[in-house]
Amino acid sequence: MIPSCFEYHKATSIADAIAKLQDNEDAKLLAGGHSLLPMMKLRFSEAPYLVDINGIEGLKGISIDGDTITIGAMTTESELIRSDILQQYCPLLVEAAKLVADPQVRNKGTIGGDVAHGDPGNDHPAVMLALDAQLVIHGPDGERMIPANGFFLGTYWTALEEYEILVAIKVPALTSGTGHGYHKLKRKTGDYAVAGSAVVVEMNGDVVRDIRIGLTNVAPMAIRAEAAEDLIRGKRVDDVLLKAVEKAIVAACDPAVDLRGDEEYKSHMAAIMARRSIIQAIENAKE
Amino acid sequence: MAKQAVSFTLNGKTVDVLVEPRELLIHTLRENLNQTGAHIGCETSHCGVCTVDIDGESVKSCTLLTVQTAGSDVKSVEGMATADGLHVIQQAFVDEHGLQCGFCTPGMLMRAYRFLQENPDPNDEEIRWGMSGNLCRCTGYQNIINAVRTAAKNLQQA
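The rules behind the values
Residues numbered from 1 in each chain as written. Chains lettered and ligands numbered in written order. Predicted model: local features only at pLDDT ≥ 70, side-chain atom pairs only at ≥ 80, totals over all residues. Heavy atoms only, no water. Helix = DSSP H or I, 4+ residues; strand = E, 2+ residues; numbered from the N terminus. Rg over C-alpha atoms; globule rule 2.2 N^0.38 Å. Buried < 20%, exposed > 50% of the residue type's maximum accessible area, 1.4 Å probe, protein only. Contact = heavy atoms within 4.5 Å. Areas by Shrake-Rupley, 256 points an atom, 1.4 Å probe, with all protein chains shown as cover. Lys, Arg positive; Asp, Glu negative; His and termini not counted. Charge placed at Lys NZ, Arg CZ, Asp CG, Glu CD. Domains from an automatic or database assignment. Buried area = accessible area lost by both parts, 1.4 Å probe. Salt bridge = Lys/Arg side-chain N within 4 Å of Asp/Glu carboxyl O. Expected span 1.5 Å × (residues − 1).

**Q** I would appreciate a short explanation of the overall build of chain A in the present structure.
**A** Helix and strand counts for chain A stand at 11 helices and 14 strands. Compactness check: chain A gives a C-alpha radius of gyration of 19 Å against a globular reference of 19 Å for 287 residues, within 12% of the reference. Across its three principal directions, the C-alpha atoms of chain A cover 60 × 45 × 35 Å. Scored against the burial criterion, the 287 residues of chain A give a buried share of 57%. Of the contacts formed within chain A by residues at least 6 apart in sequence, a portion of 60% connects residues at least 24 apart. A total accessible area of about 12000 Å² is found for chain A, and carbon and sulfur atoms account for 50% of it. Taken as two groups, the 29 positive and 41 negative side-chain charges of chain A have centres that lie 6 Å from each other.

Spelled out as structure tokens, the structure:
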């Protein structure tokens, strides 16, 4: 399989990339390419012009300043896994990246591509929601920063406007009393999730002061399970409460039916993944 | 669509090719440079038979445009054996019967080549995780794991 014809431009800067997007109708950005190129081969996408943003200075790398971690959008999954900063201050991202695809794909696939593609099956969107990440976006009118919560609007549909590029992601460093969990049910290595759930909790002793639950691949886009969060906030978590939380999560799901399962199965699995992530998050908040 | 001139290093030698932007590296290797070691399997970056090494990382060459490899250092399975004989990893696959039909073997070898540099002394779980981007449809995984383990041991003694 070979994509249909397109023109190719290797961008030299973010400004150059934005200019090429403006100058060429229906142009698309080429990041890791491991979603886009298969889609182009299968003719789900027929971009006439690709702007390759690999190699632009400043789009890669992980740094920490105070309690904010900044991750360049073109940082690969393998680089996330190898990052000492993330291992120490945001291990949720490391754990989630390890569950993305396989080693070869992780060498090319980028966190920015995973987030900006808008595929509900991608792992990072739910993680971004759980972390309450901020997304740094460059466009013809300059820079803006928006929360991940509200960024995911539908399947392959995000709050990115025309000609805009996601350039970096900002996530909070882990503080004492904060815990996280990510669980993903998949049929095999490399597959998208049947269902997945990322959870971040802030504990006050045994009481959950705050919680954010992100869900992967059980709706047209990654979603927050807000009703379930409301049930937990301010409470001690026990089995009775978790049963109620599971029900709230099932109610929040609206999965597409495919070979990975029907609606009932996927929704139920989302509840199980969320339950495990909640328990994991509370456990490691205590450590 | 106008073709573009692209130069990269393949197994230590500089190669110059003229390709359309849509040409994938696997096709350039096999059809333009007659290096047919890397195979074409699923063509959607799942199976790993097209795995080559680019600038020190394992990459699936069915999901990379040749124009993206300009200036890169590419190593394919043809670069493993020398005049002195098989590479230690290749010999381990022979010794452990780490192949049945052999179709996945070039990808397995190239992935093992890089994986054992990333992790020279892996346990079995780490081998399974490190090799998880390569499928064997004969399902001969156990001997492949054995081969990688043996290769790790022999490389450390070499």
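Alright, that's what it looks like, and here's the rest.
**Q** Looking at this structure, how should I read the domain arrangement of chain B?
**A** Frequently, the measure chosen for interface size is the accessible area that the parts lose on association. Residue and element names in this part refer to chain B. Parsing chain B into structural domains produces domain 1 (4–79) and domain 2 (88–157). Using only C-alpha atoms to locate each centre, domain 1 and domain 2 end up separated by 21 Å. With 17 residues of domain 1 in contact, the opposing surface of domain 2 contributes 14 residues. Roughly 1200 Å² is buried in total at the junction of domain 1 and domain 2, and carbon and sulfur atoms are behind 61% of that figure. The three residues of domain 1 that bury the most area against domain 2 are His39, Val49 and Val77, which together make up 33% of that side's buried surface. There are 1 salt bridge connecting domain 1 and domain 2. Of the charged contacts in the structure, one is a salt bridge between Asp53 and Arg114, with a shortest N-O distance of 2.8 Å.

**Q** Help me out: how do you make sense of helix H3 (residues 105–118) of chain B in this one?
**A** Along an α-helix, residues three or four apart share an orientation, since each turn contains 3.6 residues. Residue and element names in this part refer to chain B. Between its first and last C-alpha atoms H3 spans 20 Å; for 14 residues at 1.5 Å apiece the expected length is 20 Å, and the two agree. Burial runs high along H3: 12 of the 14 residues are buried. Taken together, the buried positions of H3 are Thr105, Pro106, Gly107, Met108, Leu109, Met110, Arg111, Ala112, Tyr113, Arg114, Phe115 and Leu116.

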